[in-house]
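Residue strings, one per chain:
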Amino acid sequence: MWGGRFAASPDAAMQAINASIDVDRRLAAEDIAGSRAHAAMLARTGIVSDSDAQAIREGLLTVMSEIAAGTFPFSADLEDIHMNVEARLRDLIGEPAGRLHTARSRNDQVATDFRLWVRGQCDAAQDGLAVLMRALLGQAEAGADWPMPGFTHLQVAQPVTWGHHMLAYVEMFARDRARFADARARLNECPLGAAALAGTSFPIDRAMTAAELGFDRPCANSLDAVSARDFALEFLSTAAICATHLSRLAEEIVIWSSAQFGFVRLSDRWATGSSIMPQKKNPDAAELIRAKTGRIAGALVALLTVMKGLPLTYSKDMQEDKEQVFDAADTLLLALAAMAGMIADLTPDRTALRQAAGAGHATATDLADWLVRRLGLPFREAHHITGRLVAAAEAQGCALADLPDPVLRAAHPGITEEIREVLTVEASVASRQSHGGTAPDQVRAQIARWKEQL
């Protein structure tokens, strides 16, 4: 289709490196939608006849049905999805097909197709995140008042509740969802009509094609319209952040389901066995989600590297913009679905969680806070007193709440029997009533808020 200026055919290696149809055939639906909108606009503005535009639009529907049925004759000789579709359209309707490319270029065509595809993936990611957030809310609601250990440095820090821990991930994934919505809003401008790079001399109506394709407006600068790929970079950046959050949750599932922790039991649907050790139940789905994060982050780095040195406007380097985006989107949606299923089927061990919540003198901060509230001590002094009591409890091999009265009073004479009431994990979590805290009342309020939002 572009061979008029050339006297020789491409070398076989040139043809192989130049063809992208094995990758960009995924843009078929978007390409045909863009072409149908373009044809309608050409007719409305009188650039082509109504009869030619009608033949083009109907022929494109036939092409789409062939692609959907798996009978379309894709050809590497035709390089990409755009030329494959146009060549087949010419076979079907003849001369009118040659008028379709009036007032456009493959440059604005592919930019439009790619934006449409990424826009759909932003929507799909938001839907997948909503399913996962609902699964987390289900877990949070069931265990709103179940004590468990909260960790810093993977060391027991303070008691929290299972519901509170689940809500932490709801907040993370909500931000991911908002980032996909923001990315969608920014990309929703239509490049069609920018042509190769400078616009066109034909009296086109760019607002019409933008509206027909669901864009908010046409891109304002033709150079930017064909050369920008920051919408794909933003999608990959958001996907990489989301995948990182998935990986953190996956890591916790791996840890929690180990015999050493025993906090949760995985459903058989989300685990595998061993070929040699019959007792094994491996958290392979969580491990694979954790691993696939590198694949998504790598896609972001790959596209950043492709784009970093390109002058305006289009360079063939940009043909390498799609494969990693397609792969990252597929990987993310699969990981979201697997994580939502795992979380929905997860069985927490309430007894193990409660037992671990009190380990490692987890209520030491509650003791220090009591000294501040009841005795008026500066927090630093209360911290030192509590530290000495923790050392005493470790020396005696007992919990803080089980230290004898003389030992407690030796640390500070103002300590009374009342202090034991604040040293249970239940009292600890119930006391954390600050906004966003782990107290069951706070947890239930946050659950109600999220259920309403979703």
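The numbers attached to residues start from 1 for each chain and follow its sequence in the written order. Where local features are concerned, this predicted model is filtered to residues with pLDDT of at least 70; where side-chain atom pairs are given and counted, the filter is 80 or more; whole-chain, interface and lining totals use all residues. Only hydrogens and water are set aside when side-chain values are computed; all heavy atoms of the structure are taken into account.

Q: Go over the nonpolar core with me, naming the residues and quoting the values.
A: Within the largest apolar cluster, 88 residues are counted, with the highest numbers of intra-cluster contacts made by Leu-246, Leu-332 and Met-339. The numbering of helices and of strands both runs from the N terminus, where a helix is a DSSP run of H or I of at least 4 residues and a strand a run of E of at least 2. For this core, the element with the highest residue contribution is helix 10 (residues 230-256), accounting for 16 residues. Core analysis: the next-biggest nonpolar cluster, separate from the first, contains 21 residues, Ala-364, Ile-385, Ala-393 and Leu-403 among them. We call a set of buried residues a nonpolar core when its members are Ala, Val, Leu, Ile, Met, Phe, Trp, Tyr or Cys and they connect through side-chain atoms within 4.5 Å of each other. Whether a residue is buried, partly exposed or exposed follows from its accessible area with a 1.4 Å probe, protein chains only, as a fraction of its type maximum: under 20%, in between, or over 50%, in that order.

Q: Explain unusual backbone geometry to me, and be specific about the residues and the numbers.
A: With the exception of glycine, most residues fall at negative phi, and the peptide bonds are largely trans. For the peptide bond that leads from Leu-312 to Thr-313, omega is 10°, which places it in the cis range. Mapped onto the elements, Thr-313 comes out in the loop between helix 11 (284-307) and helix 12 (323-345). Of note, the phi angle at Ala-103 is positive, near 65°, even though the residue is not glycine. When you line up the elements, Ala-103 lands in the loop between helix 5 (81-93) and helix 6 (106-142). Residue class for Ala-103 comes out buried when judged on its relative accessible area of 8%. Backbone geometry at His-361 places phi at a positive 55°, although glycine is not the residue there. Relative to the assigned elements, His-361 resides in the loop between helix 13 (350-357) and helix 14 (364-375).

Q: Quick one: what's the story with helix 6, residue by residue and with numbers?
A: Structural remark: α-helix, 3.6 residues per turn; residues separated by three or four positions point the same way. An expected span of 1.5 Å times one less than the residue number is assigned to each helix. An ideal rise of 1.5 Å per residue puts 54 Å on 37 residues; helix 6 measures up with 54 Å between its terminal C-alpha atoms. Burial within helix 6 is extensive, with 27 of its 37 residues counted as buried.

Q: I'd like a description of the packing of helix 7 (residues 162-187) against helix 18 (residues 440-453), backed by residues and values.
A: Helix-helix packing is characterised by the crossing angle of the two axes and by the distance between the axes. A fitted line through C-alpha atoms represents every axis, and for helices the fit uses only the stretch in contact; the resulting angles, taken between N-to-C directions, go from 0 to 180 degrees. Contact geometry of helix 7 with helix 18 gives a least axis separation of 10 Å together with a crossing angle of 35°. Relative to helix 18, the crossing made by helix 7 is left-handed. Between helix 7 and helix 18, the contacting residues are Gly-163, His-164, Leu-167, Val-170, Glu-171 and Ala-174 on the first element and Val-443, Gln-446, Ile-447, Arg-449 and Trp-450 on the second. For the contact of helix 7 with helix 18, a count of residues per class yields six nonpolar, three polar and two charged. Note on convention: the crossing is left-handed when the near helix lies turned anticlockwise from the far helix by less than a right angle, right-handed when the turn is clockwise. What makes two residues a contact is simply this: any of their non-hydrogen atoms within 4.5 Å. Only Asp, Glu, Lys and Arg are considered charged in this grouping, and only Ala, Val, Leu, Ile, Met, Phe, Trp, Tyr, Cys and Pro are considered nonpolar; every other residue, Gly among them, is considered polar.

Q: Outline the layout of surface pockets, listing residues and values.
A: Considering only enclosed or pocket space, the second largest pocket measures out at about 400 Å³ in volume. Note on definitions: the grid is 1 Å and covers protein atoms alone; a cavity is a set of points where a 1.4 Å probe fits but cannot get out; a pocket is an open set with protein on both sides within 12 Å along at least five of seven lines; lining residues have an atom within 4 Å of a point. In terms of lining residues, the second largest pocket is bounded by 16 residues, among which Phe-151, His-165, Tyr-169, Arg-248 and Glu-252 are the most central. Contributions of two or more residues to the lining of the second largest pocket are made by strand 1 (147-152), strand 2 (155-161), helix 7 and helix 10. When grouped by side-chain class, the residues that make up the lining of the second largest pocket number ten nonpolar, three polar and three charged. Grid points are joined across faces, edges and corners, and a volume is the space filled by probe spheres set on the points.

Q: Provide a residue-level description of empty space enclosed by the protein, including the pertinent values.
A: All told, the structure shown has one cavity of 30 Å³ or more when counted by the stated rule. Roughly 30 Å³ of internal volume is contained in the largest cavity. Going through the elements one at a time, helix 3 (28-44) and helix 8 (206-212) are the ones with two or more residues in the lining of the largest cavity. Here the lining of the largest cavity is built from residues that sort into four nonpolar, three polar and two charged.

Q: Residue-level account of the pattern of salt bridges, with values.
A: The salt bridge definition used is simple: a Lys or Arg side-chain nitrogen within 4 Å of an Asp or Glu carboxyl oxygen. Counted under the stated rule, the structure contains 26 salt bridges. Linking Arg-186 and Glu-234 is a salt bridge whose minimum nitrogen-to-oxygen distance equals 2.6 Å. Taken together, the residues span a long stretch of sequence, with Arg-186 in helix 7 and Glu-234 in helix 10 at a distance of 48 residues. Taken together, the salt bridges that share partners define one network made up of Asp-52, Glu-95 and Arg-99.

Q: Give me the pairing of strand 2: which residues, what numbers.
A: When DSSP locates at least two bridges between a pair of strands, those strands are taken to pair. Pairing geometry for strand 1 and strand 2, over six bridges, is antiparallel. For Met-148, the partnering residue across the bridge sits in strand 2 and is Val-160. Counting the residues in the hairpin turn of strand 1 and strand 2 gives two residues, including His-153, whose phi is positive at 60°.

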